[in-house]
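Listed below are the residues making up each chain.
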Amino acid sequence: MSQSQTQNESNVSKLDPNWRNDALDLGLDYGMQTIAVRAGQHRTDEGEHSEAIFTTSSYVYTSAADAAAHFNGDKTGNVYSRHTNPSVRTFERRLAALENGERAVATASGMGAILTMCLAYLKAGDHLLAANQLFGSSIGLFNNYMAKFDVEVSYVDCFDNDAWAKAVQPNTKVIYCESPSNPLAQICDIEYLSKLCKANDILLVVDNCFATPALQRPLDLGADVVIHSATKYLDGQGRVLGGALVGSDALMQEAFTVVRSGGISMSPFNAWVFTKGLETLKLRMQAHCQNANQVADFLVNHPNVSTVHFSGLSDHPAHELATRQHHMKGGYGAIMGFEVKPSASLDSKAAAWHVIDSTQMVSITNNLGDAKTTITHPATTTHFRLTAEARAEAGVKDGLIRLSVGLEDVEDIIKDLARGLDSL
């Protein structure tokens, strides 16, 4: 046997060092906070303590045979950063561990994750059944583009289990929901939907963006795939864009193939930001929820607020369900919608704008899940592209305001909201 043959066979048989097992042995049953701080990291020979950022587009091989083995799949390792990147892989492994999934696939944005889901699990002639209560861009993607490729799309009330069951068709392949939803923070019965899907050979996909694994793990409740806009709470400071899918190895391989072929890839720097964000996710969500519970109590008792959409309120129709599905005690998320009453001189829209414009500290922006409290008018921002009929079906009224409660002193948040509400 020649020296070159020995070298080539050795190259093919070895696993790249940066693809070795997770540095944190997840089999030892560590708690969520430990996983959030340590899971997924693979230290290089430099011995770095903090995770490195691998800003590289490509990778170097030891030989032509080594390169061929990477490309044909005989050897596991990096090929190209559109496919894999060590920084992205660290984020994926940590998020998968937090969601109790086998694997995660990172994408360039939350909408990129939803598009990846569609391309991976739907084809012409299939039926996508979704909740009425969705982010406006998700509805736009389904109606304008998936329908264009002959995927049938229909919607039901997320909280109506009978409606879900009646809407299932022989060609239904995916049930998709947000729980809590955008912007009304409505709750789906994930365990019920899981049983419905399993009985009909349907994939259940749950957007867990608002709850995060700190509050809720849809996979544990029977979902097949979890979707994230990592841009929101996983980062937590409004710095970068990203998305992710989490699920079984088999389902994630299909998603990975879409990302690899379509270039819907997350950048290494963004992945590093998200990885560091995960370290404080549970702690931040505890603080977000504590503030949100107090803000909701203020709003529900204000005379110029007609309705507060927040499952943390004891009289909310989904309060018991949210309490059961969210494993953090007292944690109902920090997103809420509230409807402002019109005044003698202002209609519903003008009254909502008055409240928004009267804030001095709260940020008027469509982003959410930030350390800073944010406020927006969904009918004219996040859902403005929808028809009036579609907005009505989603419960997006002219007087509705969406609030993402941040980490400021809660008294200051309440005072800022009171400026506009008190002066209506």
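The notes below deal with the structure included here. (Residues numbered from 1 in each chain as written. Predicted model: local features only at pLDDT ≥ 70, side-chain atom pairs only at ≥ 80, totals over all residues. Heavy atoms only, no water.)

Check the secondary structure of the chain and you find 16 helices and 12 strands. Computed over C-alpha atoms, the radius of gyration of the chain comes to 23 Å, within 12% of the 22 Å expected from 2.2 N^0.38 for 424 residues, which places it in the range of a compact globule. A burial count over the chain gives 55% of its 424 residues as buried. For the chain, the proportion of contacts with a sequence separation of at least 24, taken over those separated by at least 6, is 73%. A total of about 18100 Å² of accessible surface is found on the chain, and carbon and sulfur atoms cover 50% of it. Where the 34 positive side-chain charges of the chain centre and where its 47 negative ones centre are 3 Å apart. (Helix = DSSP H or I, 4+ residues; strand = E, 2+ residues; numbered from the N terminus. Rg over C-alpha atoms; globule rule 2.2 N^0.38 Å. Buried < 20%, exposed > 50% of the residue type's maximum accessible area, 1.4 Å probe, protein only. Contact = heavy atoms within 4.5 Å. Areas by Shrake-Rupley, 256 points an atom, 1.4 Å probe, with all protein chains shown as cover. Lys, Arg positive; Asp, Glu negative; His and termini not counted. Charge placed at Lys NZ, Arg CZ, Asp CG, Glu CD.)

In this structure, the amide linkage connecting S179 to the following residue, P180, adopts the cis form with an omega of -5°. The omega angle of the peptide bond from N182 to P183 is 10°, so this bond is cis rather than trans. Structurally, P183 is set in the loop between β4 (172-178) and α8 (190-199). The backbone of D29 shows a phi angle near 60°, a positive value even though the residue is not glycine. Its identity is not glycine, yet A185 carries a phi of approximately 55°, on the positive side. Position of A185 relative to the elements: it lies in the loop between β4 and α8. In this structure A185 comes out as buried when scored by relative accessible area, which is 3%.

Our next topic: the side chain of S358. In this fold, S358 is placed in the loop between α14 (348-357) and β10 (363-364). Given the relative accessible area of 19%, S358 is considered buried. Separated by 2.7 Å, the side chain of S358 and the backbone oxygen of H354 make a polar contact. Beyond its immediate sequence surroundings of up to four residues, S358 is in contact with R419 and G420. (Polar contact = N/O pair within 3.5 Å; in protein donor to acceptor, adjacent residues only side chain to side chain.)

Here we come to the packing of aromatic side chains. A complete count under the given rule lists four aromatic pairs for this structure. Centre to centre, the rings of Y61 and F71 are 6.4 Å apart; their planes meet at 70°, and the pair counts as edge-to-face. Of this pair, Y61 sits in the loop between α2 (32-38) and α3 (64-72) while F71 sits in helix α3, and the two are 10 residues apart along the sequence. (Phe/Tyr/Trp six-rings, centres within 6.5 Å; stacked < 30°, edge-to-face > 60°.)

In this section: the nonpolar core. Counting residues in hydrophobic clusters, the biggest one holds 69 residues, and the most contacted among them are F91, V295, L299, M336, F338 and L403. Among residues more than four places away in sequence, those in contact with F338 are L299, V305, T307, V308, G399, L400, I401, L403 and L421. In terms of nonpolar packing, the next biggest core, distinct from the first, is built from 51 residues, M146, W164, V225 and L245 among them. (Core = buried A, V, L, I, M, F, W, Y, C linked by side-chain atoms within 4.5 Å.)

In this section: α3. Restricting attention to buried positions, one finds in α3 the residues D66, A67, A69 and H70. In a view along the axis of α3, the buried residues occupy a sector of 160°, so they form one face of it. Away from its buried face, by an angle of more than 90 degrees, α3 presents the exposed residues A64 and F71. Of the residues one or two after α3, G73 is the one with positive phi, at around 90°. (Arc of directions from axis to C-beta.)

Below, the discussion takes up the environment of V88. The residue V88 is located in helix α4 (residues 86-99) in this model. For V88, a relative accessible area of 8% translates into the label buried. Taking C-alpha positions, V88 is 7.0 Å from A106, a pair spaced 18 residues apart along the chain. Beyond its immediate chain neighbours, meaning those up to four positions away, V88 contacts A106, M266, S267, P268 and A271.

In this section: the side chain of D126. As for its placement among the helices and strands, D126 is situated in the loop between α5 (110-121) and β2 (127-131). Polar side-chain contacts of D126 include one of 2.9 Å to the backbone nitrogen of K123. When residues no more than four places from it in sequence are discounted, the contact partners of D126 are Y121, D150, V151, E152, N171 and K173.

Any two packed helices are characterised by the angle at which their axes cross and by the distance between the axes. In the contact formed by α5 and helix α10 (residues 249-262), the axes pass within 9 Å of each other and the chain directions differ by 110°. By the angle between their directions, the pair α5 and α10 is classed as roughly perpendicular. Note on packing geometry: the crossing formed by α5 with α10 is right-handed. Side by side, α5 and α10 meet where T116, L119, A120 and Y121 of the first sit next to L251, M252, E254, A255, V258 and V259 of the second. Residue classes in the contact of α5 with α10 are distributed as eight nonpolar, one polar and one charged. (Axes fitted to C-alpha atoms, helices over the stretch in contact; angles between N-to-C directions. Parallel < 35°, antiparallel > 145°, perpendicular 65-115°, else oblique. Left-handed = near helix turned anticlockwise from the far one by under 90°. Nonpolar A, V, L, I, M, F, W, Y, C, P; charged D, E, K, R; others polar.)

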